[in-house]
Amino acid sequence: MDDLIDLRSDTVTRPTPEMRRAMAEAEVGDDVLGDDPTVNELQEMSASLLGKEAALFVPSGSMGNQVCLGALAPPGSEVLCHDRAHFLHFEGGAAAAHLGLMMRTLPGHGAVISHDQVRAAVRPGSEHTPRTAVVAIENTHNSAGGSVFPLEEARAVAEVCRERGVPVHLDGARLFNAQAATGVPAREWAACADSLSFCFSKGLGAPIGSMVCSTAEIVSDAHRLRKRLGGGMRQAGVIAAAARVALETGVERLVEDHANARRLAEGLADLHPDCVDLAGVETNMVYVDLQPFSKSAVELRDLLREHGVLTLAFPGATSVRLVTHRDVSNEDTERALEVLKRVL
Ligand code: TLP
């Protein structure tokens, strides 16, 4: 796979030599019993970085979302979310299957569900209706092209939710991409949310792991849910050590991925102005809209693969997703762009 340019996701990065060294040398204990020092340090470090009381290391972003939603919302209650939220489409129906939650979608505009939409949708409360128990936002927003949820709007959503007594969950799988794109510290978005999860295993480049941050009380409930879902990981310091390197060395580097995504988007816009939404390319993702071309997403994906470029075509999609990351260099970006132009 090494001569391939893998633009399927930023999850495909391999651990760096520094991460492998940290993993080999990690001090470990039994994290289910609470005594893995490397996990404990990473949890403390993450909570403090995001301005929260406590944090919990979990195996994946999907589990991070589940344990937060489950800690905030009892079965039979509803979650208000963007109609293209990741947990709605790409987490195997976990919130319904494992938590008994109802999803009520609001039409998203870019990454945003607005405070006006949220105000109009939160239910007033009656014995006949489900209770609106959580409002969930996503930043950056995967299906909205990796775009940023603007801080002012996140604050306005948080304010409406505070007035109505409804907690906010932030799926911040790529929250540090939002920080890198805007210069706004991740903790500012965290302050708009009662719970959040972020991933070490995406742009930050670690092999495994996500972190949940919230109050001590919510994290304690999330901890019980992690156990229930089978997410207790024993000597997890081995992976927490790599995650720590990712957090310490991966954040500043994200601007390079954003520049490479921009380069891809601009090159594609030269080819056909309608095949990318240039304004929407704010971070490390480019969705190539295939309507101007006589190819389906699957056809394009397969053709690109023959030329050594891997991309993702979600089932039934009319676009192909390109994601830049640490293992895609400037030269790889230029090469991928040439291949895209040739094939399209
Ligand atoms: N997204 C993956 C795929 O599932 C599509 C990717 O390659 O982008 N929230 C967001 C916003 C995500 O994009 C993802 C992963 C998750 C949560 C889930 O994280 P994992 O894969 O660690 O469970």
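Residues numbered from 1 in each chain as written. Predicted model: local features only at pLDDT ≥ 70, side-chain atom pairs only at ≥ 80, totals over all residues. Heavy atoms only, no water.

*Asks:* How should I be thinking about the overall build of the protein chain in this particular structure?
*Replies:* The number of helices and strands found in the protein chain is 14 helices and 11 strands. Taken over C-alpha atoms, the radius of gyration comes to 20 Å for the protein chain, in line with the 20 Å a tight globule of 344 residues would show. Taken along its principal axes, the extent of the C-alpha atoms in the protein chain is 55 × 50 × 35 Å. The buried share of the protein chain, taken over its 344 residues, is 55%. Taking the intrachain contacts of the protein chain between residues at least 6 apart in sequence as the baseline, contacts between residues at least 24 apart amount to 75%. Mean positive and mean negative side-chain charge positions of the protein chain (33 and 47 charges, respectively) differ by 3 Å. (Helix = DSSP H or I, 4+ residues; strand = E, 2+ residues; numbered from the N terminus. Rg over C-alpha atoms; globule rule 2.2 N^0.38 Å. Buried < 20%, exposed > 50% of the residue type's maximum accessible area, 1.4 Å probe, protein only. Contact = heavy atoms within 4.5 Å. Lys, Arg positive; Asp, Glu negative; His and termini not counted. Charge placed at Lys NZ, Arg CZ, Asp CG, Glu CD.)

*Asks:* Can you help me understand the environment of G64 in this one?
*Replies:* Mapped onto the secondary structure, G64 falls in helix α3 (residues 61–72). In this structure the C-alpha to C-alpha distance between G64 and S197, which are 133 residues apart in sequence, comes to 5.4 Å. Leave out the neighbours within four places in its chain, and G64 touches V58, S197 and V212.

*Asks:* Which parts of the structure should I look at to understand the pattern of salt bridges?
*Replies:* Think of it this way: side chains of opposite charge can pair up when their charged atoms draw near. For the structure shown, the criterion picks out 20 salt bridges. For the salt bridge of E188 with R155, the shortest nitrogen-to-oxygen distance reads 2.8 Å. Placement of the pair is E188 in helix α9 (residues 186–190) and R155 in helix α7 (residues 151–164), with a sequence separation of 33 residues. With a relative accessible area of 31%, E188 lands in the partly exposed category. With a shortest N-O distance of 3.1 Å, R301 and D302 are connected by a salt bridge. Each member of the salt-bridge network shares a partner with another, and the members are E41, R244 and E248. (Salt bridge = Lys/Arg side-chain N within 4 Å of Asp/Glu carboxyl O.)

*Asks:* Could you clarify how one ought to interpret the packing of aromatic side chains in this entry?
*Replies:* Summed over all chains, the structure comprises 3 aromatic pairs. Both rings, one in F176 and one in F198, keep their centres 5.3 Å apart while their planes meet at 80°; by these two values the pair is edge-to-face. Within this pair, whereas F176 is found in helix α8 (residues 175–182), its partner F198 is found in strand β7 (residues 195–199), the two being separated by 22 residues in sequence. By relative accessible area, which is 4% here, F176 ends up buried. Centroid distance F198 to F200: 5.0 Å. Interplanar angle 65°. Geometry classified as edge-to-face. Just as F198 is buried, F200 falls in that class too. Three or more aromatic residues joined by ring pairs form one cluster here, namely F57, F176, F198 and F200. (Phe/Tyr/Trp six-rings, centres within 6.5 Å; stacked < 30°, edge-to-face > 60°.)

*Asks:* What is the right way to look at the environment of V288 in this model?
*Replies:* Among the secondary structure elements, V288 is positioned in strand β9 (residues 285–289). Spatially, the C-alpha atoms of V288 and G125 are 43 Å apart, while their sequence positions differ by 163 residues.

*Asks:* Which parts of the structure should I look at to understand the sheet that holds strand β8 (residues 210–214)?
*Replies:* Where strands meet in a sheet, backbone hydrogen bonds hold them as pairs that are either parallel or antiparallel. Read from one edge to the other, the open sheet built from 7 strands follows the order β2-β8-β7-β6-β5-β3-β4, with strand pairing classed as mixed. With one partner strand each, in any of the chains shown, β2 (54–58) and β4 (102–106) form the two edges of the open sheet. Within this sheet the neighbouring strands show an average axis-to-axis angle of 20°, counted without direction. Note: β2 against β8, 5 bridges, orientation antiparallel. (Pairing = 2+ DSSP bridges. Axes fitted to C-alpha atoms, helices over the stretch in contact; angles between N-to-C directions.)

*Asks:* I'm lost on the site of the ligand in this one. Help?
*Replies:* If you check the shell around the ligand, you find 15 residues, and the closest are S9, G61, S62, D171 and R174. Within the contact set of the ligand, a nitrogen atom lies 2.7 Å away from a side-chain nitrogen or oxygen of D171. Between R321 and the ligand, the recorded distance is 2.9 Å, taken from a side-chain N or O atom to an oxygen atom. Within the complex, 84% of the 510 Å² of free accessible area of the ligand lies under protein. Looking at the shell around the ligand element by element, the count peaks at 3 residues for α3. A breakdown of the residues in the shell around the ligand according to their chemical character gives 2 nonpolar, 7 polar and 6 charged. (Near = heavy atom within 4 Å. Polar contact = N/O pair within 3.5 Å; in protein donor to acceptor, adjacent residues only side chain to side chain. Areas by Shrake-Rupley, 256 points an atom, 1.4 Å probe, with all protein chains shown as cover. Nonpolar A, V, L, I, M, F, W, Y, C, P; charged D, E, K, R; others polar.)

*Asks:* It is not clear to me how the nonpolar core should be interpreted in this structure. Could you clarify?
*Replies:* Where a protein is soluble and globular, its nonpolar side chains tend to be buried together. Judged by nonpolar contacts, the single largest core of 54 residues is most densely connected at L50, F57, V118, F176, W189, F198 and F200. Among all residues touching F200, those that are not within four sequence positions of it are L42, S46, F57, G205, A206, I208, G209, S210, M211, A243, A246 and L247. By size, the runner-up hydrophobic cluster in this structure holds 28 residues, among which are L268, V281, L322 and V328. (Core = buried A, V, L, I, M, F, W, Y, C linked by side-chain atoms within 4.5 Å.)

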